[in-house]
Amino acid sequence: MKLICIGRNYAEHAKELGNSVPKEPLFFLKPDSAILAHRHPFYIPDWTQDVHHEVELLIRICRNGKAVQAEFAHRYFDAISLGIDFTARDIQAEAKANGHPWEKAKAFDGSAVISKKWFPVDSFTEGWESVPFYLEKNGEKVQAGSALHMTHHVHALIAHVSKYMTLKMGDVIFTGTPAGVGRVEDGDTLEGFFNEESMFRVNIHGT
Ligand code: ZN
């Protein structure tokens with residue numbers, strides 16, 4: 001099972017980090033060893049001084065697909081959830097400056113929060129894209145969005161990624177983060193909401 005993460009998929013977030021909005025989706029992977037076990041705290045690794053939260057909508061791939069056309073992409077995912085793509089921003093900045101891959105900054109142990117709750121796509125009669133999600137840090141809303149604000153729709157993401165690598169049943173796509181990313185510190189609590197429901201709560205521990 002692989003975690004496919006989309007970068008810069010919300011224009012306001014690309015702007016806040018001084019990045020341009022990419023013409024085609026940008027993606028990278030996290031291994032399954034990055035998944036933070038449910039109800040476990042997140043420990044800030046000792047090799048970074050600047051871990052950021054990135055709350056993201058997740059989609060679950062329900063059948064294998066290669067070179068899927070966007071018009072058929074809706075058949076390849078069956079559920080929506082919420083997670084966090086923890087990012088060591090200082091290490092990522094170093095990698096970007098040197099033209100190196102992002103794995104050290106993105107794929108480390110515990111860097112992928114995946115809610116236990118999944119909503120079937122067909123449970124949303126009005127369409128899941130307009131359902132709001134947000135992240136609270138210590139009870140204060142810091143990030144908010146909905147799929148309507150994505151630069152590249154999920155169907156386009158599936159078409160793009162599957163052109164290069166086969167999507168397999170059980171894979172999860174992290175669809176990018178809206179503006180408002182920020183540093184986490186020892187003692188912080190992050191809680192994510194989707195469809196007015198609490199999806200996860202993560203306590204942050206410093207080193
Ligand atoms: Zn992200």
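Since this is a predicted model, take the numbers as computed values, not measurements.

Q: So what exactly am I meant to see when it comes to the pattern of salt bridges here?
A: Side chains that carry opposite charge are capable of pairing whenever their charged atoms lie near each other. The final tally for this structure, using the stated rule, is 10 salt bridges. Linked through salt bridges whose partners overlap, the residues forming this network are K30, E54, D85, R89 and K106.

Q: What am I meant to see in the side chain of N9 here?
A: Here N9 lies in the loop between β1 (3–7) and α1 (11–16). Using a relative accessible area of 0% as the deciding quantity, one classes N9 as buried. A polar atom in the side chain of N9 sits 2.8 Å from the backbone nitrogen of H152. In this view, N9 contacts H149, M150, T151, H152, L157, T175 and G176; residues no more than four positions away in its chain are not counted.

Q: How should I be thinking about the sheet that holds strand β13 (residues 182–183) in this particular structure?
A: To summarise the sheet geometry, strands pair through backbone hydrogen bonds and adopt either a parallel or an antiparallel arrangement. Strand order in the open sheet formed by 3 strands is β7-β4-β13, and the pairing between neighbours is antiparallel. Only two strands of the sheet have a single neighbouring strand rather than two, namely β7 (87–88) and β13. Pairing of strand β4 (residues 51–53) with β7 involves 2 bridges; the strand directions are antiparallel. Following the sheet pairing, H52 is matched in β7 by T87.

Q: Is there a simple way to think about the packing of aromatic side chains in this case?
A: Taken as a whole and judged by the stated rule, the model has 10 aromatic pairs. Their ring planes at 20 degrees and their centres at 3.9 Å tell us that F42 and F86 sit as a pair that is stacked. With F42 in strand β3 (residues 42–43) and F86 in the loop between β6 (77–85) and β7, this residue pair connects regions lying 44 residues apart in the sequence. A relative accessible area of 1% places F42 in the buried class.

Q: Even after reading the chapter, I still don't get unusual backbone geometry, so can you show me in this structure?
A: Across the chain, the bulk of peptide bonds are trans and the bulk of non-glycine residues have phi less than zero. A positive phi angle is found at R8, which is not glycine, with a value near 50 degrees. Looking at where R8 falls in the secondary structure, it is placed in the loop between β1 and α1. Look at R8 and you get buried, because its relative accessible area is 18%. With a phi close to 65 degrees, E196 is a non-glycine residue in the positive phi region. Assignment of secondary structure puts E196 in the loop between β14 (189–194) and β15 (197–205). You can call E196 exposed: its relative accessible area is 62%.

Q: Could you clarify how one ought to interpret the pairing of β14 in this entry?
A: Where a strand is regular, its side chains alternate between the two sheet faces. The buried fraction of β14 is high, at 6 of 6 residues. Every second residue of β14 is oriented toward a common face, with T189, E191 and F193 on one face and L190, G192 and F194 on the other, all of them buried. Examined bridge by bridge, strand β10 (residues 133–137) and β14 share 5 bridges and lie antiparallel to one another. If you follow Y134 over to β14, its bridge partner there is F193. Inspection of the sheet shows β14 paired to β15 by 6 bridges, in the antiparallel sense. Looking at the pairing, T189 lines up with N203 of β15. Linking β14 back to β15 in an antiparallel pair, the connection comprises 2 residues, with N195 at a positive phi of about 55 degrees.

About the cut-offs
Along each chain, residues carry numbers from 1 onward, in the same order as the chain's sequence is written. pLDDT decides what is reported in this predicted model: residues at 70 or higher carry local features, side-chain atom pairs at 80 or more are listed and counted, and totals for whole chains, interfaces and linings draw on all residues regardless. With hydrogens and water stripped out, all remaining heavy atoms of the structure feed into the side-chain values. Each reported salt bridge corresponds to a side-chain nitrogen of Lys or Arg within 4 Å of a carboxyl oxygen of Asp or Glu. Put simply, DSSP H or I for four residues or longer makes a helix, DSSP E for two residues or longer makes a strand, and each gets a number counted from the N terminus. Each residue is assigned to one of three classes by its accessible area relative to the maximum for its type, calculated with a 1.4 Å probe on protein chains only: buried under 20%, partly exposed between the two thresholds, exposed over 50%. We call two N or O atoms a polar contact when they sit within 3.5 Å, provided that within protein one can donate a hydrogen and the other can accept it, with sequence-adjacent residues counted only if both atoms are side-chain atoms. Any two residues whose heavy atoms approach within 4.5 Å at even a single point are treated as in contact. Criterion used throughout: strands pair if DSSP finds at least two bridges between them. Side-chain rings of Phe, Tyr and Trp, where Trp is taken by its six-membered ring, are said to pair if the distance between their centres is within 6.5 Å; with planes under 30 degrees apart they count as stacked, over 60 as edge-to-face, and otherwise as tilted.

Read these as layout, nothing more, since geometry by itself doesn't imply function.
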